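If you want the building blocks of each chain, they are given just below.
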There are 2 protein chains.
Amino acid sequence: MAVTLKQIAEQAGVSPSTVSHAIRGINPGKRQLSPQTIIKIRNVAQKLGYRPNMLAAGLAQNKTFTVGVLVSTLRGDFYERILEGITEVVHPQFTPLLTVHNYDKLRERRELEVLIGKRVDGIIAACSGDVENSYIYRELGEVHRMPLVLVDRGLKDINCPVVRSDHFKSTYIAVKELFGLGHRQIVFAAAGRDMDSTQIFKDGFTAAIREVGCESESGIFAKKTNSWTRGEMKQFASEIIDHVLGLAQRPTALILQADWLAYDVLAECQVRGIRVPADLSVMGMEDCSPSALPGISLSTIKVELEQVGKLAAQMLLNLINGEVPSQTKVLVPPSVIIRKTTRMLA
Amino acid sequence: MAVTLKQIAEQAGVSPSTVSHAIRGINPGKRQLSPQTIIKIRNVAQKLGYRPNMLAAGLAQNKTFTVGVLVSTLRGDFYERILEGITEVVHPQFTPLLTVHNYDKLRERRELEVLIGKRVDGIIAACSGDVENSYIYRELGEVHRMPLVLVDRGLKDINCPVVRSDHFKSTYIAVKELFGLGHRQIVFAAAGRDMDSTQIFKDGFTAAIREVGCESESGIFAKKTNSWTRGEMKQFASEIIDHVLGLAQRPTALILQADWLAYDVLAECQVRGIRVPADLSVMGMEDCSPSALPGISLSTIKVELEQVGKLAAQMLLNLINGEVPSQTKVLVPPSVIIRKTTRMLA
DNA sequence: GTGAAAGCGCTAACAG
DNA sequence: CTGTTAGCGCTTTCAC
């Protein structure tokens, strides 16, 4: 079918191993080739349109020049941004084999098995968070000795590098920023499918609120769901506003756990005649692409997703090269972005 | 290192070939195994945590259970949506090897070579559009006999299936819709890095305008660039409004080649005191995620990107199975979505 | 029903 | 400087 080393060897009148070395350059086999044979071999290869079969090479070297990437979903720009960071860092040495689990634990398992079967050189995974699948991640390291780094979410009992955004700091700096602007009554509306993350967000909020001494006039409004459809989001936005309006001490600032939720809250405010930021300052989280749009201009906490991807990829490459990671838990710091939905209090 | 067929064979006291058959089930090697040996072998495999090495299997069968996907970029939700369609269709039979060219023709070449080297079973590519690279796509089919389907953009002289959104129809139905709403003076603002696509958009616009007989009062305002930064976009939005305002016959409707451009146009309208849709109806193209946001509510032409991905993937699977495609050029039809930036003229 | 042997395309000692 | 020989881990005739 495709042209092989052997065919080139015959055409050029040399042995396969010579061809192998000539094609790959000097270093790999640390062999001295006469310039003429190199030229000759390369010419033949060129003429025949030879492309080395990396599968065969990999089989012989026990390498695949491929890294497995498992993400939760391709919807929205969250994993897309992480993915972008990853591809840029592993390129061109490795190419990513992309899998998606859609929060389905059976699929998560299966995809991981596929990656093992394909003998990827390492895996970067955003696990579904289902503890039932922990064992397979453990197996990855312990029985298959496959380099693994987790992104976005860690896994109890799994001792492997984790790169995630610093959620604690997100709410923490949001509160500090708002406090700096003069706000004293601040509400954090927590919502997410991932209870661990949500808890961290809450902790950051609480810690900051304590530090600035606003415990009595601030609070958390939470709801848990594991499917956020547009309708549910809108519904929750409405409930948040109800809550805010119902409070004895009317809050002056509202922090939402996600930009997309903030968009609905903004819409709800408009419907109810609440002026933003005059009556209420609103702050989102993540800095999704619409937030910068002139019509939205949402103040938010920017989560450095590309950076998460890049750092994770860099750690994986190090692991693949046999280096021991200096730190195993990496938190990438968020930053605050002030646009037009927050204001300084007089 | 990893556990192999041979080890299982030894542990189970049978030959490697028997293990191979037992693991894969009955069909593949059409061999009759006694139920007991099957059980015995599977148990051993289970106990040892055996995962077949698909590389080795692939080398023996000349298959990789992998498809190459080459996209232009991961930024924005355009390719992401196509990618989503692809992954869902090829799953779980194949897993996608993801590459990105970033409109760099050298990188495009290199990534394609990598995919060839990894002997993917087929390729779905959004080519950069650079004609200099045509030859490599040709080589793909002619010398490597690799199934190929192009998405989003075709390539002259390359005779392979192409799946793309029907750009002609996009502007065509936009005009028809607007005409139906009573608009007679319609402007289409064309802008894009890909001149071929832009031309098709223009053609669709012109054809529809002719049909409804509004040639004299309608027109096209075009600008070409190949890098659309936020600043340039904003600048162009401003120029578009200048143009619209400068026309003797003031247009009542404006069609933009991209939603993102429309967002800036909307913002510019606000700045200039042009009320949308009272003074001007605005229609975008693609239906990006922010368009549905309450604060934006952009009327637009929805491009079915997931569908493009799905159809492309389906065609590729057919090609891989040796089927001859019934049709080689597939155009997926867009649809109009009316939100709040367009109105019916009195 | 099961085993032996050849081979997929390459790399990596080991000789010369 | 170059050729020969073993594999890598699997599938697949062909024999028994």
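About the thresholds
Each chain has its residues counted from 1, running along the sequence as written. Numbering of ligands from 1 and lettering of chains from A proceed in the order in which they are written. Where local features are concerned, this predicted model is filtered to residues with pLDDT of at least 70; where side-chain atom pairs are given and counted, the filter is 80 or more; whole-chain, interface and lining totals use all residues. Processing note: side-chain calculations cover all non-hydrogen atoms of the structure and skip hydrogens and water entirely. For this document, the term salt bridge refers to a Lys or Arg side-chain nitrogen within 4 Å of an Asp or Glu carboxyl oxygen. What counts as a helix is a DSSP run of H or I of at least four residues, what counts as a strand is a run of E of at least two, and both are numbered from the N terminus. Burial status follows relative accessibility: with a 1.4 Å probe on protein chains alone, a residue under 20% of its type maximum counts as buried, one over 50% as exposed, and anything between as partly exposed. Where helices are involved, their axes are fitted lines through C-alpha atoms of the stretch in contact, as for all axes, and angles between N-to-C directions lie from 0 to 180°. Note on terminology: angles under 35 degrees are roughly parallel, angles over 145 are roughly antiparallel, angles of 65 to 115 are roughly perpendicular, and the others are oblique. The contact rule is simple, with two residues in contact once any of their heavy atoms fall within 4.5 Å. Under the scheme applied here, ten amino acids are nonpolar (Ala, Val, Leu, Ile, Met, Phe, Trp, Tyr, Cys and Pro), four are charged (Asp, Glu, Lys and Arg), and all others, including Gly, are polar. To pair, rings of Phe, Tyr and Trp, with the six-membered ring standing in for Trp, must have centres within 6.5 Å; the planes then decide the type, stacked if under 30 degrees apart, edge-to-face if over 60, and tilted in the middle. Only strands that DSSP links by at least two bridges are regarded as paired with each other. Consider each residue's heavy atoms; a residue with any of them within 4 Å of a molecule or strand counts as near. Pairing of N or O atoms within 3.5 Å defines a polar contact, subject to two protein rules: one partner must be a possible hydrogen donor and the other a possible acceptor, and residues neighboring in sequence count only if both atoms are side-chain atoms. Under the convention used throughout, the expected extent of a helix is 1.5 Å for every residue step, that is, one less than its residue count. Fitting of the copies onto one another was done by least squares over C-alpha atoms, counting residues only where both copies have pLDDT of at least 70. Where each domain begins and ends follows an automated or database-derived domain assignment. Remark: nonpolar core denotes a set of buried residues (Ala, Val, Leu, Ile, Met, Phe, Trp, Tyr, Cys) joined through side-chain atoms within 4.5 Å. Working definition: a disulfide is two cysteine sulfur atoms within 2.5 Å of each other. A crossover gets the label right-handed when its path from the first strand over the helix to the second runs clockwise, viewed with the strands pointing away from the viewer.

Enumeration according to the criterion identifies 34 salt bridges over all chains in this entry. For B:E88, the salt bridge goes to A:R107, with nearest N and O atoms at 3.2 Å. Here the residue B:E88 occupies a position in helix 5 (residues 78–90), and A:R107 occupies one in helix 6 (residues 105–117), the pair thus bridging two chains. Using a relative accessible area of 12% as the deciding quantity, one classes A:R107 as buried. Several salt bridges share partner residues, and in doing so they unite A:R51, B:R109, B:E113 and B:E139 into one network.

Residue and element names in this part refer to chain A. Interaxial distance between helix 1 (residues 5–12) and helix 2 (residues 16–24) falls to 8 Å at its minimum, and their mutual angle equals 105°. Taken together, the axes of helix 1 and helix 2 are roughly perpendicular relative to one another. Note on element contacts: helix 2 touches helix 1 through P16, V19 and S20, opposite L5, I8 and A9. A per-class count over the contact of helix 1 with helix 2 returns 5 nonpolar, 1 polar and no charged.

Once that is clear, we can look at the packing of aromatic side chains. By the definition in use, this model includes 12 aromatic pairs over all chains. Here A:W260 and A:Y263 contribute two aromatic rings whose centre-to-centre distance is 5.0 Å and whose plane-to-plane angle is 80°, an arrangement assigned as edge-to-face. Of this pair, A:W260 and A:Y263 are both found in helix 11 (residues 259–272), 3 residues apart, which corresponds to roughly one turn of the helix. Since its relative accessible area comes to 23%, A:W260 is described here as partly exposed. Pairing B:F188 with B:F201 gives two aromatic rings, centres 6.4 Å apart and planes at 50°, and the pair type is tilted.

Turning our attention to the sheet that holds strand 12 (residues 335–337) of chain B. Residues and elements named next belong to chain B. Within the open sheet, the 6 strands sit side by side as 7-6-8-9-10-12. Their pairing is mixed. Because the sheet does not close on itself, it has two edges, and the strands there are strand 7 (219–224) and strand 12. Averaged over all adjacent pairs, the angle separating strand axes in this sheet is 20°, with direction ignored. The pairing of strand 9 (residues 281–286) with strand 10 (residues 299–302) spans 4 bridges and is parallel. By the bridge assignment, M285 is partnered in strand 10 with I301. Its contacts with the sheet place helix 8 (residues 167–180) against strand 6 (186–192), strand 8 (253–256), strand 9, strand 10 and strand 12, and it is angled at close to 155° to strand 9.

Taken together, 26 residues form the shell around DNA strand D, and within it A:T18, A:R31, B:L5, B:S20 and B:Y50 come nearest. Sugar and phosphate atoms constitute 62% of the interface atoms of DNA strand D, taking the interface as everything within 4 Å of the protein. The separation between a phosphate oxygen of DNA strand D and a polar main-chain atom of B:N53 is 3.1 Å. Among the elements of the structure, helix 2 and helix 4 (54–61) of chain A together with helix 2 (16–24) and helix 4 (54–61) of chain B are those that each provide at least two residues to the surface near DNA strand D. Its residues placed into classes, the surface near DNA strand D shows 10 nonpolar, 13 polar and 3 charged.

What follows concerns the pairing of strand 1 (residues 66–71) of chain A. Residues and elements named next belong to chain A. By the criterion of burial, strand 1 is predominantly enclosed, with 6 of the 6 residues buried. Every second residue of strand 1 is oriented toward a common face, with T66, G68 and L70 on one face and V67, V69 and V71 on the other, all of them buried. In this structure, strand 1 lies alongside strand 3 (residues 122–125), joined through 4 bridges in parallel fashion. Residue V69 lies in a different strand from strand 3, and its bridge partner there is I124.

Moving on: the sheet that holds strand 12 (residues 335–337) of chain A. Residues and elements named next belong to chain A. Read from one edge of the open sheet, 6 strands run 7-6-8-9-10-12, paired in mixed fashion. A strand with exactly one partner marks an edge of an open sheet, and here the two such strands are strand 7 (219–224) and strand 12. Averaged over all pairs of adjacent strands, the angle between strand axes in this sheet comes to 20°, irrespective of strand direction. Here helix 8 (residues 167–180) sits on the sheet in contact with strand 6 (186–192), strand 8 (253–256), strand 9 (281–286), strand 10 (299–302) and strand 12, set at roughly 155° to strand 9. Against the sheet, helix 10 (residues 230–246) contacts strand 6, strand 7 and strand 8, and its axis sits at roughly 155° relative to strand 7.

A separate point is helix 12 (residues 305–320) of chain B. With 16 residues, helix 12 of chain B extends 22 Å between its outermost C-alpha atoms, agreeing within 8% with the 22 Å of an ideal straight helix rising 1.5 Å per residue. Along helix 12 of chain B, the positions that sit buried rather than exposed are B:L305, B:E306, B:V308, B:G309, B:A312, B:A313, B:M315, B:L316 and B:L317.

So, on to the relation of the copies chain A and chain B. Overlaying chain A on chain B yields an RMSD of 0.1 Å, the required transformation being a rotation through 180° with an accompanying axial translation of 0.0 Å. Taken together, the turn and the small shift mark the pair as related by a two-fold rotation axis. Relative to the rotation axis, the closest C-alpha in chain A is found at A:L97, a distance of 2.2 Å. Most of the interface of chain A is mirrored in chain B: 100% of its interface residues are interface residues there too.

Let's shift gears to the protein's contact with DNA strand C. Around DNA strand C there are 25 residues in total, and A:L5, A:S20, A:Y50, B:R31 and B:Q32 lie nearest to it. Considering DNA strand C, the proportion of its atoms within 4 Å of the protein that are sugar or phosphate atoms stands at 66%. Within the side chain of A:S20, an N or O atom sits 2.5 Å from a phosphate oxygen of DNA strand C. Contacts to DNA strand C include A:Y50, whose side-chain N or O atom sits 2.5 Å from a phosphate oxygen.

With that out of the way, let us pick up the domain arrangement of chain A. Its domain assignment divides chain A into domain 1 (5–52), domain 2 (64–165 + 306–332) and domain 3 (167–303). The gap between the C-alpha centroids of domain 1 of chain A and domain 2 of chain A is 37 Å.

This part takes up the environment of A:G141. Here A:G141 is to be found in helix 7 (residues 134–142). As for A:G141 and A:E239, which are separated by 98 residues in sequence, their C-alpha atoms are 44 Å apart.

Let us now look at the nonpolar core. In this structure, A:L98, A:V163, B:L98 and B:V163 are the most contacted members of the largest nonpolar core, which totals 55 residues. Once you skip the residues sitting within four places of it in the chain, A:L98 turns out to touch A:V69, A:V71, A:L74, A:L83, B:L83, B:T87, B:T95, B:P96 and B:L98. Formed by 50 residues, the second largest nonpolar core is a distinct cluster that contains B:A189, B:F236, B:V265 and B:I296.

Below, the discussion takes up the state of the cysteines. Per the stated rule, a full pass over the model turns up 0 disulfides over all chains. For A:C160, which is in no disulfide, the shortest distance to another cysteine sulfur is to A:C127 and amounts to 8.7 Å.

On to the pairing of strand 3 of chain A. Residue and element names in this part refer to chain A. The alternating pattern of strand 3 places G122 and I124 on one face and I123 and A125 on the opposite face, and all of these are buried. Summarising the sheet, strand 3 and strand 4 (residues 148–151) pair through 3 bridges and their orientation is parallel. Within strand 4, the residue paired with A125 across the bridge is L150. With respect to chirality, the unit in which strand 3 leads through helix 7 into the neighbouring parallel strand 4 is right-handed.

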